[in-house]
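Structure assessment
Each chain, letter by letter, is given below.
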Amino acid sequence: NLSQIKLVFDKRISGISVLRFGNEYQYAYNKSIYNGFSLPLKDHYYAAFTEADINITNELAFKLGARLEHSSILKKWNLAPRLAIAYKTGPGAQFSFAYGDFYQKPENNQLMLTTQLGYTKATHYILNFMKTTTLRTFRVEAFYKKYEDLVKTFPSINNDGTGYAKGIELFWRDRKTFQGMDYWISYSYLDTKRDYLNYPGQLQPNFAANHTASFVLKKFVNKINTGFNFTYSYATGRPYYNIKYETNNAKYVIADQGKTIDYHNLGFSLNYLTTIFKSYAVIVASVTNVLGSNQIFGYNYSQNGLYKEAITPVAPRFFFVGCFLSWGVDRRQDAINNNL
């Protein structure tokens, strides 16, 4: 159960500069049964935050802020500073840089073992350039994230874990080049490693792919009031590990490892715009993995580690048919984009 109250106030300080501040309170209650014992977890979380949007010139702006947090279950405070700088280089073009510390409580299943843990911490550095016009958008972003105080479960549960993530992201959307067509392309490169949980050292996590990309193409036919959409997603293989405890050496080792096959998914959808009972309506039909590509997300191992079974989707394809209605404001395009 989670209850939350949040108050935010803002005050204009000069021109279009704004000072914003507020408070937040959360009450979280989680109850689990482990080996016949009831394990309740209660947490009173308090936060106070402030930030200022400061416009130096028409081209240069800053955002300065900080967040103070306290968790009753951890009995600890943290202070997270934040900074962002934006500089306009021309019409629709902007460079920006952001820095910030972010804290997070350990997972509930870890707190059930002990509440003598601290926050996990991530420090973000992000450099971004964006150029937008009425019909085109280009964005490139480079980032570096440093992870500290991650939860380790061996030799005892502690906050000695570390890690990092760095990479680049590209995005291009174009509604101008091809008449009546809208397409966008995204690509990301990720280099990340973590030493946490029972990892014997810094490893690439099994949820991270080095390269991911997607392509979306939309074509709307006015005569029949129907749009046709194609989406293609690709990702290089993700790592998988069989990490076993060696009793003789009293440590965890990697008994087996590898990478899954590359991920491919071609999807198709169509949407018909209409009105129903004087409301805006869009009827959507879609199918994923049209080509039936083999998809493997990892492997489960037998207890002795001699056999492994691929983790695959429950079905090779998924079909969806739906109708979205909106009153007052035409939100049909939002429904279409959310379904892609």
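These lines cover the structure that appears in this document, whether it is placed above or below. Along each chain, the written sequence defines residue order, and numbers are assigned to residues from 1. Since the coordinates come from a predicted model, pLDDT governs what is reported: local features require at least 70, and pairs of side-chain atoms require 80 or more to be given and counted, while whole-chain, interface and lining totals use all residues. Think of the side-chain values as coming from all heavy atoms in the structure, minus any hydrogens and water.

1. Describing the nonpolar core
Residues grouped as a nonpolar core are buried Ala, Val, Leu, Ile, Met, Phe, Trp, Tyr and Cys residues, joined through side-chain atoms within 4.5 Å. For the exposure calls, accessible area comes from a 1.4 Å probe over protein chains only, and a residue counts as buried if that area is under 20% of its type's maximum, exposed if over 50%, partly exposed in between. A122, Y147, L150, A165, Y196, Y199, L203, Y241 and I243 together form the largest nonpolar core, which totals 9 residues. Only DSSP runs of H or I reaching four residues or more are called helices, and only runs of E reaching two or more are called strands; each is numbered from the N terminus. For this core, the secondary-structure elements that each account for two or more residues are β8 (136-152) and β13 (239-246). Non-local contacts of Y196, meaning those with residues more than four positions away in its chain, are made with L150, V151, K152 and F207. L74, L117, Y119 and V151 belong to the second largest nonpolar core, which has 7 residues in total. We call two residues in contact whenever any of their non-hydrogen atoms come within 4.5 Å of each other.

2. Notes on a nonpolar patch on the surface
Only residues above 30% relative accessible area that lack a salt bridge enter a patch, with like-charged residues linked at up to 9 Å and the nonpolar side chains Val, Leu, Ile, Met, Phe, Trp and Tyr linked at up to 5 Å. Surface accessibility follows the Shrake-Rupley procedure with a 1.4 Å probe radius. Residue values consider only the protein chains on display as shielding. Note on definitions: salt bridges are taken to be side-chain nitrogens of Lys or Arg within 4 Å of carboxyl oxygens of Asp or Glu. Together, I5, L7, F9 and F21 make up an exposed nonpolar region whose accessible area comes to about 390 Å². Of the residues forming the nonpolar patch, the biggest block, 3 residues, is contributed by strand β1 (residues 2-14). Structurally, F21 is set in strand β2 (residues 17-34).

3. With respect to unusual backbone geometry
Note: most peptide bonds trans; most residues except glycine with negative phi. In this chain, F154 is followed by P155 through a cis amide linkage whose omega measures 5°. Mapped onto the secondary structure, P155 falls in the loop between β8 and β9 (158-174). With a phi close to 55°, N225 is a non-glycine residue in the positive phi region. Among the structural elements, N225 can be located in the loop between β11 (211-221) and β12 (226-235).

4. Observations concerning the environment of F207
Tracing the backbone shows F207 in the loop between β10 (181-195) and β11. Taking C-alpha positions, F207 is 8.9 Å from G298, a pair spaced 91 residues apart along the chain.

5. What about the packing of aromatic side chains?
Working definition: rings of Phe, Tyr and Trp (its six-membered ring) pair if their centres are within 6.5 Å, and the pair is stacked with planes under 30 degrees apart, edge-to-face with planes over 60 apart, and tilted otherwise. Scanning all chains against the criterion turns up 17 aromatic pairs. Considering the side-chain rings of F154 and Y245, the 5.8 Å spacing of their centres and the 65° angle between planes classify their relative orientation as edge-to-face. Here Y245 lies in strand β13 and F154 lies in the loop between β8 and β9, a separation of 91 residues in the sequence. The partly exposed category is assigned to Y245, whose relative accessible area is 40%. Plain terms: the ring middles of F320 and F324 are 6.4 Å apart, the flat faces sit at 40° to each other, and that makes the pair tilted. Classification of F320 by relative accessible area gives partly exposed; the value is 34%. Relative accessible area serves as the criterion here: at 32%, F324 is assigned to the partly exposed category. Three or more aromatic residues joined by ring pairs form one cluster here, namely Y99, Y125 and Y144.

6. Describing the pattern of salt bridges
Summed over the entire model, instances satisfying the criterion amount to 14 salt bridges. As a salt-bridge pair, R173 and D182 come within 2.5 Å of each other at their nearest N and O atoms. An identical accessibility class is assigned to R173 and D182; each is buried. Note that K308 is salt-bridged to D256, the shortest N-O span being 3.4 Å. On the criterion of sequence distance, the pair formed by K308 in strand β18 (residues 308-311) and D256 in strand β14 (residues 251-259) is long-range, its members being 52 residues apart. The exposure class of D256 is partly exposed, given its relative accessible area of 26%.

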